Structures are given as C-alpha cells and as structure tokens.
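Topology and contacts: notes
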Amino acid sequence: MKRAAVVTRPIDPGALIAEVQSPEFGAISLFVGTVRDVNDGRSVTGLDYSGYVAMAESELAAILDEAAVNFGIGAIAIEHRIGALTLGDVSVAIASAHAHRRPAIECTRFVIEEIKSRVPIWKLEHYVDGAREWVDPTRAVGDAAV
Amino acid sequence: MMTVQLFASYAEALGGSTLQIPYENGTRVADLVRSIRALPGGRSLPPSPRVAINRKFAAADQLIRNGDEIAVIPPVAGG
C-alpha cells in the first residue's frame, strides 16, 4: 500500500505504523516531525502551516512512486498537517515498511528530504515577542536547514 | 486573462491570493514573472521564482497555454 495526504486534523504516528505493518515486513522506519520552540535563535510560540494542497498531494504521490522505484519499498504512508499548530504538535509523519531495515530507513530519509525541497507547503512562525515571519529555508542560517 | 495563484509571503507581498494577468499567445513563464514583478509589491519576488503550471514545476522558457493552472511558489518550508 502507498498513501499520502495533506490533513487538517492531528496526526497519529501509531496509526501510520499500523497501516504499513504486515508479516512480510521485518522493518518499519518512522519519521515524526514536530513543532520546535526555537528557530534561528528566536522563541517560537506556534506555527501556521498552509499549502497549495492540490499540488502538494500530487507531489507527494510522485514522491511515493519514486520511493517505490528507488527502494523497492513494500508499504508507505505519509501525512502532512496544515493549519494552526502549537509547540510539540506533529506536523509530518512518514512510515516506511520493507523486508529489511536499510531500505526502510533510507526510504524514510529520502521522503522527508524530498518533502522539504519540493512539496508546496509553507509555515508562518509566531514568536514570543509578537512578531511573525514566513520561514524561508533558502536563506536559512545556523541550524535552521539541518 | 491568466489567473495566477499566489501563496504565503508572495500573496502578502502582492496583496491577494490571485492575480489576473493579460494572456497573449506565446507567453512564457519568464514573461509572466516579469509582468508580476512589475506590479506594486512585485519586487518582493526574486527574479526567478519557482512557477508551477498545472501543478508541476515549470522551466522559465515553458510556454503557457490559455486555461493553464498557474501558481507562483515561494520557498517551500514543509516538514
């Protein structure tokens, strides 16, 4: 199975694991992205994620197809949340299942890096001092892009 | 006319989430970008922003057809 979606509800990473789990797979790799309290040295209070949802879902579908070809992945589920998120909320989760651990782990890494480079989703950060700013990873400094 | 979708920082810079730009046969992505950057607030966009045609990233020399779904894509920040 392969599934990717942009959602507006909370993400349950356990549900993604259950979705890809099967006796034929000996490995499930899970990535969970969460809202961090500091970015680029500024204290963050929350984020608004927005997206060009139609294109985001078609890019995610393309990434799924590439993951299947590149890693022979058995099952994969991806959810990315948009809307207002608070600290610690899950913004993205990826579960990749394969007979063996290496392709599962490499697939998950591939998917998150592709999401970060090409899926049209944006985040507006809100800071403790009341300011707000659109995050632009192309001008990131420090640890922001790592 | 071409309807151009804008998002995030670009929508704020141009003051709205859609633009109407006159369409002429032979218009390419780079021509569209020039037209947008000439609008009030348009200089906030870089000279070569990413543009999507029919939900796929398009090269600067790609021809735009009447009725295409067009969007200008700010630097993405998902994850």
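Heads up: the structure comes first, above all this text.
Here goes a summary of the coordinates provided.

Rules used throughout
Residues numbered from 1 in each chain as written. Chains lettered and ligands numbered in written order. Predicted model: local features only at pLDDT ≥ 70, side-chain atom pairs only at ≥ 80, totals over all residues. Helix = DSSP H or I, 4+ residues; strand = E, 2+ residues; numbered from the N terminus. Rg over C-alpha atoms; globule rule 2.2 N^0.38 Å. Buried ≥ 20, exposed ≤ 12 C-beta atoms within 10 Å, placed from the backbone. Contact = placed C-beta atoms within 7 Å. Nonpolar A, V, L, I, M, F, W, Y, C, P; charged D, E, K, R; others polar. Pairing = 2+ DSSP bridges. Axes fitted to C-alpha atoms, helices over the stretch in contact; angles between N-to-C directions. Core = buried A, V, L, I, M, F, W, Y, C linked by C-beta atoms within 7 Å.

A word on the overall build of chain B. Scanning chain B from terminus to terminus reveals two helices and five strands. Here the C-alpha radius of gyration of chain B, 12 Å, is about what a compact globule of 79 residues would show, namely 12 Å. With the principal axes as the frame, chain B shows a C-alpha extent of 35 × 30 × 20 Å. The buried share of chain B, reckoned over its 79 residues, is 30%. Of the contacts formed within chain B by residues at least 6 apart in sequence, a portion of 46% connects residues at least 24 apart.

Before going further, it helps to spend a moment on the interface of chain A and chain B. Listed as interface residues are 23 residues of chain A and, on the opposing side, 14 residues of chain B. Where the side of chain A that touches chain B is concerned, the elements lending two or more residues are α2 (53-71), β7 (90-98), α3 (101-118) and β8 (121-127) of chain A. Per-element accounting of the side of chain A that touches chain B gives the leading share, four residues, to α3 of chain A. Looking at the side of chain A that touches chain B residue by residue, the class counts come to 13 nonpolar, six polar and four charged.

All names here are of chain B. Taken together, the five strands give an open sheet; going across it, the order is β2-β1-β5-β3-β4, and neighbouring strands pair in mixed fashion. Looking at the sheet topology across the chains shown, the edges are occupied by β2 (18-21) and β4 (56-58). Neighbour-to-neighbour, the strand axes of this sheet turn through a mean angle of 35°, independent of strand direction. Sheet topology note: the strand β3 (residues 50-53)/strand β5 (residues 70-73) ladder contains four bridges and is antiparallel.

A few words on the nonpolar core. Of all hydrophobic cores here, the largest spans 56 residues; its most connected members are V20, I76 and A95 of chain A together with V51, A71 and V72 of chain B. At six residues, the largest contribution of residues to this core is made by α2 of chain A. Once residues within four sequence positions are removed from consideration, V72 of chain B is found in contact with V4, L6, Y10, I36, L45, P49 and V51 of chain B.

The next thing to look at is unusual backbone geometry. Of note, D40 of chain A is a non-glycine position whose phi angle comes to about 55°, a positive value. Relative to the assigned elements, D40 of chain A resides in the loop between β3 (38-39) and β4 (42-51). In this model, A8 of chain B sits at a positive phi of 50°, which is unusual for a non-glycine residue. Examined against the element boundaries, A8 of chain B turns out to sit in helix α1 (residues 8-14).

All names here are of chain A. Inspection of the sheet shows β4 paired to β8 by seven bridges, in the antiparallel sense. When the sheet's bridge partners are listed, L47 is paired in β8 with E125. As defined by bridge partners, β8 adjoins strand β9 (residues 132-134) across three bridges and the pair is classed as antiparallel. Its bridge partner lying in β9, E125 is registered against E133. A loop of four residues connects β8 with β9, the two strands running antiparallel in sequence, and G130 in this loop sits at a positive phi of about 95°.

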